[in-house]
Amino acid sequence: MKNKNLVINNIGLIIRPNIDHDSLIIISNLIGWLTRRKKKVFISPNKLGLITPFLKKNSSLVLPTENKDIFKKSDMIIALGGDGTFISTARNIKKTSLPVLGINLGNLGFTTEFAKTELYEAVESVLKGKFETYKLSLFKATICTPNGKNTEYFFVNDVVIGRKEVSRLINLSVNSDKETIYNLKGDGLIISSPLGSTAYSLAAGGPILHPDSKSMVITPICPHSLNFRPLVVPQDIKIKIQPIEQIEKIQITLDGQEAIEIPPGTHVNIEKSKKRPIDVIKNSEKTFFFTLRNKLTLGKK
């Protein structure tokens with residue numbers, strides 16, 4: 001989809017938590033490049049404090065803004081970091097039709113579409129309206145407590161149900177909309193999206209899903225029996241996970257970034273979110289299989 005009618009004057013920068021010297025220089029040069037083109041740049045105050053000494057020229061177009069307000073005020077978001085930065089950005093977007101440009105400043109960069117060497121070419125193409133986006137769906141985990149209080153959380157890659165502390169195995173009842181899938185005894189369980197299938201789930205023995213496959217993966221973590229294998233299920237079903245005889249402290253972890261302890265008697269529902277998908281700016285030179293070959297060395301001898 002071309003976006004020639006989208007006018008971009010306000011650009012939000014979401015930056016990885018830990019910034020090395022080289023990244024500070026890259027980001028400061030990007031800010032200078034944007035302000036010379038009369039674009040407003042929104043950046044969190046603490047990150048701006050780190051970057052200011054590297055700026056060649058101060059500009060009134062650089063506006064210190066808290067992250068939650070960056071999403072509201074921007075016409076586009078540039079996520080500068082690694083996959084974690086991109087995923088955190090996607091989870092926190094609430095404004096519709098807000099395109100996200102992921103720039104990899106880290107090592108692997110499986111999810112982020114562009115390398116740092118492609119930064120200026122990518123941003124210039126976006127500003128000229130010469131770019132395409134793909135839709136990234138969010139998934140939802142709802143914690144349902146015995147008192148009837150339900151709390152929703154969102155994830156991009158995966159949700160993990162596991163022990164809060166290292167101790168004994170846990171028992172989990174895993175169900176679909178209509179029937180029991182299995183009762184699992186082990187270290188925990190991963191429910192991953194197609195995008196997240198190349199993350200923790202893959203390391204735990206799960207399959208790789210193509211991002212266009214409308215599925216989820218249920219991957220046991222160190223099951224007590226070899227009878228428990230990863231399962232690929234349609235993403236339009238609801239998965240219900242209920243701890244059985246909960247003795248250990250159990251928590252859910254969202255995208256490896258947010259952990260919530262669940263009290264006894266609680267169950268967790270996992271499903272595809274009905275929220276509007278995120279518009280991710282696509283790298284036309286990068287395909288899924290290209291990424292598998294070059295990032296995960298798939299098929300190399």
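Parameters and conventions
Residues numbered from 1 in each chain as written. Predicted model: local features only at pLDDT ≥ 70, side-chain atom pairs only at ≥ 80, totals over all residues. Heavy atoms only, no water. Helix = DSSP H or I, 4+ residues; strand = E, 2+ residues; numbered from the N terminus. Rg over C-alpha atoms; globule rule 2.2 N^0.38 Å. Buried < 20%, exposed > 50% of the residue type's maximum accessible area, 1.4 Å probe, protein only. Contact = heavy atoms within 4.5 Å. Areas by Shrake-Rupley, 256 points an atom, 1.4 Å probe, with all protein chains shown as cover. Lys, Arg positive; Asp, Glu negative; His and termini not counted. Charge placed at Lys NZ, Arg CZ, Asp CG, Glu CD. Axes fitted to C-alpha atoms, helices over the stretch in contact; angles between N-to-C directions. Parallel < 35°, antiparallel > 145°, perpendicular 65-115°, else oblique. Left-handed = near helix turned anticlockwise from the far one by under 90°. Expected span 1.5 Å × (residues − 1). Arc of directions from axis to C-beta. pLDDT = per-residue confidence, 0-100. Pairing = 2+ DSSP bridges. Phe/Tyr/Trp six-rings, centres within 6.5 Å; stacked < 30°, edge-to-face > 60°. Lys NZ or Arg CZ within 6 Å of the ring centre and 35° of its normal. Right-handed = clockwise from strand over helix to strand, strands pointing away.

A. Quick look at the overall build of the chain. Counting secondary structure elements, the chain contains seven helices and 20 strands. In summary, the chain has a C-alpha radius of gyration of 21 Å against a globular reference of 19 Å for 301 residues, a match within 12%. Taken along its principal axes, the extent of the C-alpha atoms in the chain is 60 × 45 × 35 Å. Taking all 301 residues of the chain together, the buried fraction comes to 50%. If you take every contact in the chain between residues at least 6 apart in sequence, the share linking residues at least 24 apart comes to 66%. Taken as a whole, the chain presents about 15300 Å² of accessible surface, with 51% of it coming from carbon and sulfur. Across the chain, 43 positive and 27 negative side-chain charges occur, with their mean positions spaced 6 Å apart.

B. The packing of helix α1 (residues 21-36) against helix α5 (residues 119-127), seen in detail. Close contact between α1 and α5 brings their axes to 12 Å; oriented N to C, the two are set at 30°. For the element pair α1 / α5, the angle class is roughly parallel. Remark: the crossing between α1 and α5 carries right-handed chirality. For the pair α1 and α5, contact is made by I26, N29, L30, W33 and L34 and by L119, Y120, V123, E124 and L127, respectively.

C. Molecular detail of α1. Between its first and last C-alpha, α1 extends 23 Å over 16 residues, near the 22 Å set by a 1.5 Å rise per residue. For α1, every residue scored as buried is listed here: S23, L24, I27, S28, L30, I31, G32, W33, L34 and T35. K38, located one to two residues past α1, shows a positive phi value of around 65°.

D. Region of the structure containing the environment of F288. Here F288 lies in helix α7 (residues 288-295). Along the sequence, F288 and L55 sit 233 residues apart, while their C-alpha atoms lie 36 Å from each other. In contact with F288, not counting residues within four places along its chain, are F110, I208, L209, H210 and P211.

E. The arrangement of α5 in detail. Every buried residue belonging to α5 is among L119, A122, V123 and V126, and all of these are buried. Projected down its long axis, α5 shows its buried positions confined to an angular sector of 95°, all on one face. G129 sits one or two residues past α5 and shows a positive phi near 80°.

F. Quick peek at the confidence of the model for the chain. Confidence in the prediction of the chain, expressed as mean pLDDT, is 91, and 96% of residues score 70 or more. Considering each helix and strand of the chain separately, the mean pLDDT is smallest for α7, with a value of 82, and largest for strand β2 (residues 40-43), with 98.

G. Region of the structure containing the sheet that holds strand β14 (residues 215-221). Strand order across the open sheet formed by six strands is β15-β14-β13-β10-β17-β18, with antiparallel pairing between neighbours. With partners counted over all chains shown, the strands left at the sheet margins are β15 (231-234) and β18 (258-262), one partner each. Neighbour-to-neighbour, the strand axes of this sheet turn through a mean angle of 20°, independent of strand direction. With four bridges connecting them, β14 and β15 associate as antiparallel partners. Counted as the bridge partner of S215 is P234 from β15.

H. Geometry of the packing of aromatic side chains. Within the structure shown, the criterion is met by four aromatic pairs. Plain terms: the ring middles of F288 and F289 are 5.4 Å apart, the flat faces sit at 65° to each other, and that makes the pair edge-to-face. Take F288: its relative accessible area is 17%, and that puts it in the buried class. Taking relative accessible area as the criterion, F289 reaches 49% and is therefore assigned partly exposed. It is R37 that lies over the ring of W33; its NZ or CZ is 3.8 Å from the centre.

I. Broad picture of the sheet that holds strand β12 (residues 180-186). Strand order in the open sheet made by the six strands is β9-β8-β19-β16-β11-β12, with antiparallel pairing throughout. The sheet is open, and its two borders are formed by β9 (150-155) and β12, each paired with just one other strand. When the angles between neighbouring strand axes are averaged without regard to direction, this sheet yields 20°. Across six bridges, the pairing between strand β8 (residues 139-144) and β9 is antiparallel.

J. Representation of the pairing of strand β5 (residues 100-104) within the structure. Of all the five residues making up β5, five are buried; the element is thus mostly covered by neighbouring parts of the structure. Of the two faces of β5, the one carrying V100, G102 and N104 and the one carrying L101 and I103 are both buried. Relative to β5, strand β4 (residues 76-81) is paired through five bridges, and the arrangement is parallel. Paired with A79 across the two strands is G102, which belongs to β5. The handedness of the β4 to β5 crossover, carried by helix α4 (residues 83-92), is right-handed. Inspection of the sheet shows β5 paired to strand β6 (residues 114-115) by two bridges, in the parallel sense. Within β6, the position partnered with I103 by the bridge is F114.

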